[in-house]
Amino acid sequence: MRNVQQRAQTGTLRAERGVNANGRPQWLIPLSSLDATLQDKYLKQHRPTEPPPAPKAEAKPLDTYSEAEREEIAHWRRVVAEWQEYRSQPGASKTQVDEQYILLYNLQHPGAELSMDILYRKWRAVREDNLDGLIDKRGKWRKGRSSIDETVWQVFLSFWLDEAGHKIRKCYEYTKSWVRNEYPDLYSTIPSYATFTRHLQTDVPLPVKVLGREGKKAFDDRCAPYIRRVYDNMASNDWWVADNHTFDVISQRADGTRHRLYLTAFFDARSGIFTGCHITDAPCSQATLIALRKGILQYGIPDNIYVDNGREFLTHDIGGLGHRAKKPKDGKEIYAPPPVFERLGIKMTNAIVRNAKTKIIERRFLDIKDHMSRLFATYTGGNVVEKPECLKHILKDDGSIPTDETMTQAVTELLEYYFNRQPYGGAVVADRGKPRMQVYNEHLQRKRVASTNDLALMLMRSSRPQKVGKRGVHLDIAGQRIDYWTPEMLYALQGQQVYYRYDPDNLSEVRLYDLQDRYLMTVPADNTAVLTYGASQDEVKEAIGKVRRMERVTKEALEYSTLPMIGKQTALNLVLQQAHINREAQIIPDAEPKILDVQRAADNTEPLLKAVGADDLSRMVRNAEQRAQTKGKEEDGYDL
């Protein structure tokens with residue numbers, strides 16, 4: 001080092017004097033002043049280390065590309081393979097062969113512009129398994145990007161994602177006004193109205209649109225995941241679903257007035273058959289009991305019933321009040337007689353309010369609308385849009401309007417022998433294609449039945465607790481009051497709390513029970529009240545939803561139920577004929593439940609107050625008279 005310093009000071013070695021980082025003098029020797037050997041040695045010692053090679057990008061899976069992109073990748077792989085095979089000719093010039101192949105390719109693919117550079121790039125992409133290099137990305141680099149500023153976009157969505165349902169054009173105007181006032185610097189960056197419309201279609205997910213503009217109810221019904229019901233382990237009669245349906249058909253009463261009838265129906269969830277149905281002027285609790293009775297008589301007693309929260313189900317003497325029950329103000333619980341469902345051993349479950357997913361019977365009602373109501377000439381449609389244009393002309397012809405009796409007969413027959421025989425299409429794949437009635441029979445494990453007398457007791461309506469007054473107990477119906485009492489009843493029960501059960505089809509008597517649900521006696525109606533009631537019997541029957549039972553098929557119903565040999569065949573005739581065929585064929589084997597469970601009414605057939613009879617009452621009256629006579633003689637001075 002001393003030698004070098006001396007040479008630098010004397011000038012024999014070209015160097016420059018400088019100062020180091022510590023302020024001390026130093027000599028800087030240019031690398032060019034050294035001979036070539038020393039320069040190479042220095043460069044080797046001080047050569048910077050090369051950075052490690054970048055890791056090779058992992059190839060994307062083929063299924064991450066679109067179908068068109070996969071076809072493009074396959075195309076270039078074929079082209080490269082053909083080119084390599086073409087240029088493998090022995091003794092030929094590679095350059096000349098490549099030019100010939102490019103010329104041949106462009107001739108075979110008009111509009112394509114294959115060049116040497118493109119061909120070699122595709123060859124390199126094939127060797128490196130770079131699938132991105134085999135697809136044309138022109139115009140795709142902006143995909144997923146937006147020219148709308150994020151703040152502006154959020155302002156626009158704040159207006160658009162509102163249940164008020166503002167139009168896009170108005171939201172665009174609101175956004176411009178708000179940005180001009182709050183963020184004037186961004187106002188010039190707001191793109192066109194078409195840009196916002198396009199991004200609404202591509203960038204806003206459907207669930208967000210539904211929740212923001214239509215609310216949570218619409219989101220739950222249309223977008224939210226649902227709990228799938230499992231039907232594989234369900235047996236027939238495990239669950240019946242009940243609801244009411246308004247026919248989209250205008251029919252005619254006996255007096256000529258026109259209206260639309262209602263269907264109260266019970267539906268077996270496992271098989272999809274209609275079990276109990278009743279057609280009425282208006283849904284009511286009595287219509288529910290009539291439909292239930294019909295279903296039980298034919299198919300047995302279900303274990304569970306799934307209903308909505310309507311008054312026709314949540315009635316104190318049918319299913320109980322459920323969530324409608326109110327707590328007494330004084331805190332004392334009022335005795336509630338056991339409702340019909342409880343007496344039958346049926347557990348009632350109520351649907352969640354405003355939950356469209358739980359009402360599976362409504363899908364069957366849609367089938368009734370599409371495959372039954374449309375068969376009638378007076379089909380009205382479900383709304384104004386569906387209303388047939390020819391309906392107004394048909395209603396001018398009274399002969400084209402079906403009567404209530406005709407429609408009731410046709411609907412009853414179609415439900416039993418047409419809809420219940422249609423192929424099953426439910427959730428259980430193994431049963432699909434079988435007639436619904438066959439599915440019901442095959443999965444009926446246990447059938448609960450009851451005798452006619454027991455069933456009549458179980459289905460009786462109940463009153464609320466009443467105090468026995470001077471005229472016994474009473475039933476208020478259709479503006480009329482019917483009193484039920486006897487001298488024996490007044491003697492034994494006057495002033496006590498009781499309740500009674502009654503048959504709406506026979507109001508001549510009621511069955512009295514105490515508040516421990518023990519049967520006391522049967523009490524007839526007061527004669528005067530019966531005479532008064534008899535004058536308005538039709539009014540009472542209409543009020544409680546009683547519908548006359550048909551004893552024979554009328555000529556008009558027969559015309560709807562048969563196909564004329566010659567003439568125009570209507571859709572209704574064809575469907576009814578199929579129902580007739582199903583009824584006569586009996587190709588579905590009968591149900592053979594493993595267990596036949598006989599249900600009996602939990603009711604004492606023997607009245608609790610049977611000792612209080614006419615003979616006992618006469619004896620007590622005579623004893624009272626003798627005591628009165630004895631007391632009178634003593635007061636007159638007689639010595640007995």
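Residues numbered from 1 in each chain as written. Predicted model: local features only at pLDDT ≥ 70, side-chain atom pairs only at ≥ 80, totals over all residues. Heavy atoms only, no water.

Caption draft 1: The arrangement of the overall build of the protein chain in detail. In terms of regular secondary structure, the protein chain is built from 24 helices and 18 strands. Counting every position in the protein chain, which comprises 640 residues, the buried fraction comes to 37%. For the protein chain, restricting intrachain contacts to residue pairs at least 6 apart in sequence, the fraction spanning at least 24 positions comes to 63%. For the protein chain, the exposed surface amounts to about 39,600 Å²; the carbon and sulfur share of it is 51%. (Helix = DSSP H or I, 4+ residues; strand = E, 2+ residues; numbered from the N terminus. Buried < 20%, exposed > 50% of the residue type's maximum accessible area, 1.4 Å probe, protein only. Contact = heavy atoms within 4.5 Å. Areas by Shrake-Rupley, 256 points an atom, 1.4 Å probe, with all protein chains shown as cover.)

Caption draft 2: Region of the structure containing the nonpolar core. Among the nonpolar cores identified, the biggest contains 26 residues, and F266, L292, I305, F341, L344 and L459 are the most heavily contacted of them. Listing elements by their share of this core, those giving two or more residues are strand 3 (239-246), helix 12 (285-299), strand 8 (304-307), helix 13 (340-343), helix 17 (436-442) and helix 18 (452-458). Examining the composition of this core, we find that five residues originate from one element, helix 12, more than from any other. Residues within four places of L292 in sequence aside, it is in contact with W240, F266, I305, F341, L344 and L459. (Core = buried A, V, L, I, M, F, W, Y, C linked by side-chain atoms within 4.5 Å.)

Caption draft 3: Geometry of the side chain of N237. Along the polypeptide, N237 turns up in the loop between helix 11 (216-222) and strand 3. N237 gets classed as buried once you look at its relative accessible area, which sits at 1%. Separated by 3.0 Å, the side chains of N237 and Y440 make a polar contact. Residues within four places of N237 in sequence aside, it is in contact with D268, Y299, G300, I301, P302, D303, Y440 and L444. (Polar contact = N/O pair within 3.5 Å; in protein donor to acceptor, adjacent residues only side chain to side chain.)

Caption draft 4: Inspection of the pairing of strand 6 (residues 262-268) at higher detail. Where burial is concerned, most of strand 6 is hidden: six out of the seven residues are buried. Pairing of strand 3 with strand 6 involves seven bridges; the strand directions are antiparallel. Bridge assignment links N244 to a residue of strand 6, and that residue is T264. Count of turn residues in the strand 6/strand 7 (residues 274-280) antiparallel hairpin: five residues, of which G272 carries a positive phi of about 90 degrees. (Pairing = 2+ DSSP bridges.)

Caption draft 5: Molecular detail of the pattern of salt bridges. Counted according to the given criterion, the structure contains 17 salt bridges. One salt bridge connects E128 with R124, and the closest N-O pair in it is separated by 3.1 Å. Between E386 and K369 there is a salt bridge, with its nearest N and O atoms 2.8 Å apart. In this pair, E386 is assigned in the loop between helix 14 (361-371) and helix 15 (391-394) and K369 in helix 14, connecting sequence segments 17 residues apart. Looking at E386, the relative accessible area reads 31%, which means it is partly exposed. Each of R270, D431, K434 and E442 takes part in salt bridges that share partners, so that together they form one network. (Salt bridge = Lys/Arg side-chain N within 4 Å of Asp/Glu carboxyl O.)

Caption draft 6: Molecular detail of the packing of helix 6 (residues 150-160) against helix 7 (residues 168-182). One way to put it is that helix 6 packs onto helix 7 with a least axis distance of 9 Å and a crossing angle of 130 degrees. For the element pair helix 6 / helix 7, the angle class is oblique. For helix 6 against helix 7, the interelement crossing comes out right-handed. Counting all contacts with helix 6, which are made through V152, V155, F156, F159 and W160, the residues of helix 7 involved are I168, C171, Y172, Y174, T175, W178 and V179. Classifying every residue of the contact of helix 6 with helix 7 gives 11 nonpolar, one polar and no charged. (Axes fitted to C-alpha atoms, helices over the stretch in contact; angles between N-to-C directions. Parallel < 35°, antiparallel > 145°, perpendicular 65-115°, else oblique. Left-handed = near helix turned anticlockwise from the far one by under 90°. Nonpolar A, V, L, I, M, F, W, Y, C, P; charged D, E, K, R; others polar.)

Caption draft 7: Structural view of unusual backbone geometry. Positive phi, close to 55 degrees, is recorded for D129, a residue that is not glycine. Mapping D129 onto the fold places it in the loop between helix 5 (116-127) and helix 6. Residue D129 is classed as partly exposed on the basis of its relative accessible area of 40%. We note that N237 has phi near 70 degrees; this positive angle belongs to a residue other than glycine.

Caption draft 8: How the structure looks around the packing of aromatic side chains. Counted by the stated rule, this structure contains 21 aromatic pairs. Plain terms: the ring middles of W153 and F156 are 5.7 Å apart, the flat faces sit at 20 degrees to each other, and that makes the pair stacked. A residue pair is termed a helical-turn pair when its members lie 3 or 4 positions apart in one helix, as W153 and F156 do in helix 6 at three residues. F156 shares its class with W153; the two are buried. Among the aromatic residues, ring-to-ring pairing joins W153, F156, Y172, Y193 and F196 into one connected group. Over the ring of W123 we find R127; its NZ or CZ atom is 4.5 Å from the centre of that ring. (Phe/Tyr/Trp six-rings, centres within 6.5 Å; stacked < 30°, edge-to-face > 60°. Lys NZ or Arg CZ within 6 Å of the ring centre and 35° of its normal.)

Caption draft 9: Just the packing of helix 6 against helix 9 (residues 193-203), in detail. In the contact formed by helix 6 and helix 9, the axes pass within 12 Å of each other and the chain directions differ by 75 degrees. Taken together, helix 6 and helix 9 sit at an angle that is classed as roughly perpendicular. Residue-level inspection shows V152, W153, F156, L157 and W160 of helix 6 in contact with helix 9, the latter providing F196, H199 and L200. Class assignment for the residues of the contact of helix 6 with helix 9 results in seven nonpolar, one polar and no charged.

Caption draft 10: Region of interest: the sheet that holds strand 9 (residues 347-350). Strands sit in the order 7-6-3-8-9 across an open sheet of five strands; the sheet is mixed. Strands at the two margins of the open sheet, each flanked by one partner only, are strand 7 and strand 9. For this sheet, the mean inter-axis angle between neighbouring strands, taken without regard to orientation, is 20 degrees. Relative to strand 7, strand 6 is paired through six bridges, and the arrangement is antiparallel. Bridge pairing links F267 to F274 in strand 7. Seen against the sheet, helix 16 (residues 404-417) touches strand 6 and strand 7 and runs at an angle of roughly 170 degrees to strand 7.

Caption draft 11: How the structure looks around the side chain of T486. Topologically, T486 is positioned in the loop between strand 14 (480-484) and helix 19 (487-493). Once you skip the residues sitting within four places of it in the chain, T486 turns out to touch V523 and P524.

Caption draft 12: Molecular detail of the environment of I581. Here I581 shows up in helix 23 (residues 571-585). On the basis of relative accessibility, which here comes to 44%, the residue I581 falls in the partly exposed class. When the C-alpha positions of I581 and Y417 are compared, they lie 8.2 Å apart, and in sequence the two are 164 residues distant.

Caption draft 13: Focus on helix 16. Taking 1.5 Å per residue, 14 residues should reach 20 Å; helix 16 reaches 20 Å between its end C-alpha atoms and fits that length. Among the 14 residues in helix 16, 12 count as buried, and that is most of the element. For helix 16, the full list of buried residues reads D404, T406, M407, T408, Q409, A410, V411, E413, L414, L415, E416 and Y417. (Expected span 1.5 Å × (residues − 1).)

Caption draft 14: Seen up close, the environment of R343. Note on placement: R343 falls in helix 13. Look at R343 and you get buried, because its relative accessible area is 14%. When the C-alpha atoms of R343 and M458 are compared, they prove to be 5.7 Å apart, with 115 residues separating the residues in sequence.

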